[in-house]
Amino acid sequence: QANQNANILKESSTNAINTLQSGQAPLEARYQDLIASNNATTQQEVGRADITSAQELARRGIPTSSTYAGEYQQSRRLPIQTAGQAQNAAAQLSAQQAIENRNSAIAGIQQATGLNEINAAMDAYKQSEQSRQFNEQQALEQSKFEYAKSQPTVSSNQDQYTTLSP
């Protein structure tokens, strides 16, 4: 009986550890894809900012080679680049936390002396992952809000002209 229980415990812990370890590579690949996608999006947004900056400068008759033009373009690029860097940092932190959660669960399973402890380690892993995912979503929403807040408001052409009464 005791030998059978030890075999069941060993098999259960091995299966749980293998399940956790099998998700490691896809998890890392997913975060690398997320960061690459974020970098591409940031570059596209910087390109759009450069185009709109150049159009605005041309409309004002300011040469793009002037010091003011460089400062203006930089002021348009900076919020985009900052938001992109913040999103990359958040993704890297989240990936690291996910790996630490997995490693913690594996360590808990390896130290387990019964099936209840294995289940408790898996439950703790699931809870920490749900918390991490919630925090990740909140950080993304905050980043989107901060980025939107940093963008200049677009006014209609009508706002650019003064109406004169006869």
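Residues numbered from 1 in each chain as written. Predicted model: local features only at pLDDT ≥ 70, side-chain atom pairs only at ≥ 80, totals over all residues. Heavy atoms only, no water.

## Concerning the pattern of salt bridges
This is how it is decided: Throughout this description, the term salt bridge denotes a Lys or Arg side-chain nitrogen within 4 Å of a carboxyl oxygen of Asp or Glu. For helices the rule is a DSSP run of H or I covering at least 4 residues; for strands it is a run of E covering at least 2, with both sets numbered from the N terminus onward. Classification of residues uses two cut-offs on accessible area relative to the type maximum, computed with a 1.4 Å probe and protein chains only: under 20% is buried, over 50% is exposed, and between them is partly exposed.
By the definition in use, this model includes six salt bridges. Of the charged contacts in the structure, one is a salt bridge between arginine 59 and glutamate 56, with a shortest N-O distance of 2.7 Å. Note that arginine 59 and glutamate 56 are positioned in helix α2 (residues 24-60) at a spacing of three residues, about one turn of the helix. By relative accessible area, glutamate 56 is classed as buried at 18%. Across the salt bridge formed by glutamate 56 and arginine 60, the nearest N and O atoms sit 2.8 Å from each other. Remark: arginine 60 and glutamate 56 occur in helix α2; sequence separation between them is four residues, near one turn of the helix.

## Observations concerning the environment of glycine 108
Turning to its location among the elements, glycine 108 is positioned in helix α3 (residues 67-111). Since its relative accessible area comes to 26%, glycine 108 is described here as partly exposed. Sequence-wise, glycine 108 and alanine 121 are 13 residues apart; in three dimensions their C-alpha atoms are separated by 5.5 Å.

## Points about the confidence of the model for the chain
Atomic detail in the predicted coordinates should be set aside for any region of low pLDDT. Rules: pLDDT expresses how confident the predictor is about each individual residue, on a scale running from 0 to 100. Throughout, a residue-residue contact means that at least one pair of heavy atoms, one from each residue, lies within 4.5 Å.
The share of residues in the chain with pLDDT of 70 or more is 90%, and the mean pLDDT across the chain is 83. Contacts of residues 158-166 to residues separated by more than four positions or lying in other chains number one contact, the stretch itself having pLDDT below 50.

## Thoughts on the layout of surface pockets
Empty space among the atoms becomes apparent when a probe as large as a water molecule is rolled across them. We count it as follows: Only protein atoms enter the calculation, which uses a 1 Å grid: trapped sets of points that fit a 1.4 Å probe without letting it out are cavities, open sets showing protein on both sides within 12 Å along at least five of seven lines are pockets, and any residue with an atom within 4 Å of a point is a lining residue. Grid points are joined across faces, edges and corners, and a volume is the space filled by probe spheres set on the points. In this count, Pro and Cys sit with the nonpolar residues alongside Ala, Val, Leu, Ile, Met, Phe, Trp and Tyr, while Asp, Glu, Lys and Arg are called charged and the others, Gly among them, polar.
Size it by volume and the largest pocket reaches roughly 480 Å³. Contributing elements (two or more residues each) for the lining of the largest pocket: α2, α3 and α4 (115-150). Residue contributions to the lining of the largest pocket peak at nine residues, all from α3. Considered class by class, the residues forming the lining of the largest pocket number eleven nonpolar, ten polar and three charged.

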